[in-house]
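Understanding the architecture of this molecule
Below are the chains, spelled out letter by letter.
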2 protein chains.
Amino acid sequence: MTITFADIRQAAERIFPYAHRTPVLTNASLNQKTGAQVFLKCENFQKVGAFKFRGACNAVYSLRDEESTRGVATHSSGNHAQALALAAKIRGIPAYIVMPNNAPTVKKDAVAGYGGIITFCEPTLAARESTLAEVVGKTGAAVVHPYNDERVIAGQGTAALELLEDVPDLDVIIAPVGGGGLLSGAAIAATEFKKGIRVIAGEPEMADDAFRSMQAGKIIPSENPKTIADGLLTSLGDLTFPIIQQRVEQIVTVSEAGIIETMKYVWERAKIIIEPSSAVALGVLWEKKIDLSGLNVGVIISGGNVDLGKLPWR
Amino acid sequence: MTITFADIRQAAERIFPYAHRTPVLTNASLNQKTGAQVFLKCENFQKVGAFKFRGACNAVYSLRDEESTRGVATHSSGNHAQALALAAKIRGIPAYIVMPNNAPTVKKDAVAGYGGIITFCEPTLAARESTLAEVVGKTGAAVVHPYNDERVIAGQGTAALELLEDVPDLDVIIAPVGGGGLLSGAAIAATEFKKGIRVIAGEPEMADDAFRSMQAGKIIPSENPKTIADGLLTSLGDLTFPIIQQRVEQIVTVSEAGIIETMKYVWERAKIIIEPSSAVALGVLWEKKIDLSGLNVGVIISGGNVDLGKLPWR
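Residues numbered from 1 in each chain as written. Chains lettered and ligands numbered in written order. Predicted model: local features only at pLDDT ≥ 70, side-chain atom pairs only at ≥ 80, totals over all residues. Heavy atoms only, no water.

**Details of the overall build of chain A**
Each helix and strand counted, chain A has 13 helices and ten strands in total. For a compact globule of 314 residues, the expected C-alpha radius of gyration is about 20 Å, and chain A comes in at 18 Å, within 12% of that figure. With the principal axes as the frame, chain A shows a C-alpha extent of 55 × 45 × 40 Å. Looking at chain A as a whole, 58% of its 314 residues qualify as buried. Counting only contacts in chain A whose residues sit at least 6 apart along the sequence, the fraction spanning at least 24 positions is 72%. (Helix = DSSP H or I, 4+ residues; strand = E, 2+ residues; numbered from the N terminus. Rg over C-alpha atoms; globule rule 2.2 N^0.38 Å. Buried < 20%, exposed > 50% of the residue type's maximum accessible area, 1.4 Å probe, protein only. Contact = heavy atoms within 4.5 Å.)

Structure representation (structure tokens):
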């Protein structure tokens, strides 16, 4: 199944009443520092504090009324779980969330706060999957994968669509890559909106499976990666990878130090809270492994969910 | 000399080419928490990260060409010094800044980074004033006081003017009060823009000299106050106090714990960096000593300059 630009436009209409149209911010210091004209698409201001609400909302509102009443389900302990719970709450249907029993309390509370019905399981992938299968067997809920799902990919693409509507002069769009939902959606939206635009991904050096997958021409799974960018630990999916191969110019890796420096700089100068995964995308400009000077560069700030009690400086 | 609404409109025109028209943000969680519809006028996104740029810029561009060439001068170690240095740099004139020799390196660097010419002095008020007098004697520069100056007050008032232009339905405007430059300018702008609008100030409980001045009917100087809201340590001026007496409904004090809780909540939920002084204004809504529920409340977020290495939690 191919995801088209029309799917992204339809997603934009579908989520319009529920998602924020987030602002695009600029910052003179950041331009000076990077040598580019940088446009920040602020998904940190999105509902649940991350772009994930777009895809979850599109998936929830893509369901026919009769199937929607059985609810939606996923296994996730991150932003996708919160996003799905909130989207389901808005539509008035149940969201069943399978979470590892060692998930941080703050994440459990967030999902529960949005009305998600949590089932805990052992913290292994096998346990997550079998528990999710059980939940679905009992409830008949529709599974919404965090990224390897057409509806989710189309939903995430709306962030890039809005960015280009606001700043049509972009030469480049940069997004972070984890499972590839945001990146693949953004790549479709951008390359269809504007022929010749360059789409580049930022990936942590310490979790460079997408970089290696592009080199190898096949999905290389992420194996126990360790990076501060905890939103980017997952491997590519069989839906996202081909889109990325086809439409993304290159994946640029960013060091842990670069992620932290970029994040702190943005907090200090742009006065917005961005999470490490967002700093990975901006880190491509910060570390200057590739030359983007003089260009108009849109960067998708994926989110702003950070534990303020555990900051990566002093 | 009376500062009129026309002065504020003129200031708005004067600073238009140089200052940001900062966005007004809303946040669903904050509305729910406070029971009001809250509109944040984000001066943390202003140049130098604080509203102070407005007043400094208005003062600098109010100078006639021939007097401007001798430059401007002030004694300050805070945002006003940076703001004056930047405004002068933009106009291409010198800014002489007198700073105590124990000012934090980061503040010295910031002023120097904007091209300010720093003269150090002993860290006493007497030394600051005599050193400033010397500098002015030598250079003929025009002194721009941080708040007790008509041009500065009119400039600061433009933040409230823009807020009301964007959200005319406001019932209340809240600003923090230190020396009263922002508060008095906002009070003139708001009450002239919209008859009957309520103007309320937030002040740290631990630096409540404005609160006590209003009670006493005369300026009671601030004596060695200790609060995390380090932008609000100064006493009212003889220009700002009468305006506040005439146009501000009341001054509400906010506890240190309330300031910190509010600040952290805004960082976590609204994903913007606000400094403690801004949290003092919002703290009026947070602590609910007065009932503003159901009202449209504009809050001037004064700035976002915070040392990220010294945060007031864990």
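**Let's talk about the sheet that holds strand E6 (residues 142-143) of chain B**
Neighbouring strands of a sheet are bound in pairs by backbone hydrogen bonds; such pairs are parallel or else antiparallel. Residues and elements named next belong to chain B. If you trace the four strands from one edge of the open sheet to the other, you get E5-E4-E3-E6, paired in parallel fashion. Edge positions in the sheet fall to strand E5 (117-121) and E6, since each has one partner strand and no second. As defined by bridge partners, strand E3 (residues 72-75) adjoins strand E4 (residues 95-100) across four bridges and the pair is classed as parallel. Note on E4: the bridge partner recorded for histidine 75 is valine 98. (Pairing = 2+ DSSP bridges.)

**Things to note about the side chain of lysine 52 of chain B**
Residue and element names in this part refer to chain B. Residue position: lysine 52 is located in helix H3 (residues 52-62). The side chain of lysine 52 is buried and forms no salt bridge, while glutamate 275, the nearest opposite charge, is found at 8.5 Å. When sequence neighbours within four positions are dropped, the list of residues in contact with lysine 52 reads Asn79, His80, Ala83, Pro146 and Gln156. (Lys, Arg positive; Asp, Glu negative; His and termini not counted. Salt bridge = Lys/Arg side-chain N within 4 Å of Asp/Glu carboxyl O.)

**Focus on the pairing of strand E7 (residues 172-176) of chain A**
All names here are of chain A. Across the five residues of E7, five count as buried, placing the element largely inside the fold. Here E7 shows a buried face lined by Val172, Ile174 and Pro176 and a second buried face lined by Ile173 and Ala175. As defined by bridge partners, E7 adjoins strand E8 (residues 198-204) across five bridges and the pair is classed as parallel. Within E8, the position partnered with isoleucine 174 by the bridge is isoleucine 200. Tracing the backbone out of E7, into helix H9 (residues 181-193) and back to the parallel element E8 gives a crossover that is right-handed. (Right-handed = clockwise from strand over helix to strand, strands pointing away.)

**Let's talk about the relation of the copies chain B and chain A**
Mapping chain B onto chain A leaves a residual RMSD of 0.0 Å; the transformation is a rotation of 180 degrees accompanied by 0.0 Å of translation along its axis. Such a combination of turn and shift is consistent with a two-fold rotation axis. Measuring from the rotation axis to each C-alpha of chain B, the shortest distance belongs to isoleucine 272 of chain B, at 2.2 Å. (Least-squares fit on C-alpha atoms with pLDDT ≥ 70 in both.)

**Re the domain arrangement of chain A**
All names here are of chain A. For chain A, the domain assignment lists domain 1 (5-50 + 150-310) and domain 2 (53-143). In this structure, domain 1 and domain 2 have C-alpha centres spaced 24 Å apart. Domain 1 puts 24 residues into the contact, and the matching count from domain 2 is 17 residues. Between domain 1 and domain 2 lies a buried interface of about 1700 Å² when both sides are counted; carbon and sulfur atoms form 58% of it. A per-residue breakdown of the area domain 1 buries against domain 2 is headed by Tyr18, Val48 and Arg151, which together make up 43% of the total. At the junction of domain 1 with domain 2, the criterion picks out two salt bridges. Taking the shortest distance from any N to any O, the salt bridge between arginine 54 and glutamate 162 comes out at 2.9 Å. Among the elements of the structure, helix H1 (5-15) and helix H8 (150-166) are those that each provide at least two residues to the side of domain 1 that touches domain 2. Class assignment of the residues belonging to the side of domain 1 that touches domain 2 gives a composition of nine nonpolar, seven polar and eight charged. (Domains from an automatic or database assignment. Buried area = accessible area lost by both parts, 1.4 Å probe. Nonpolar A, V, L, I, M, F, W, Y, C, P; charged D, E, K, R; others polar.)

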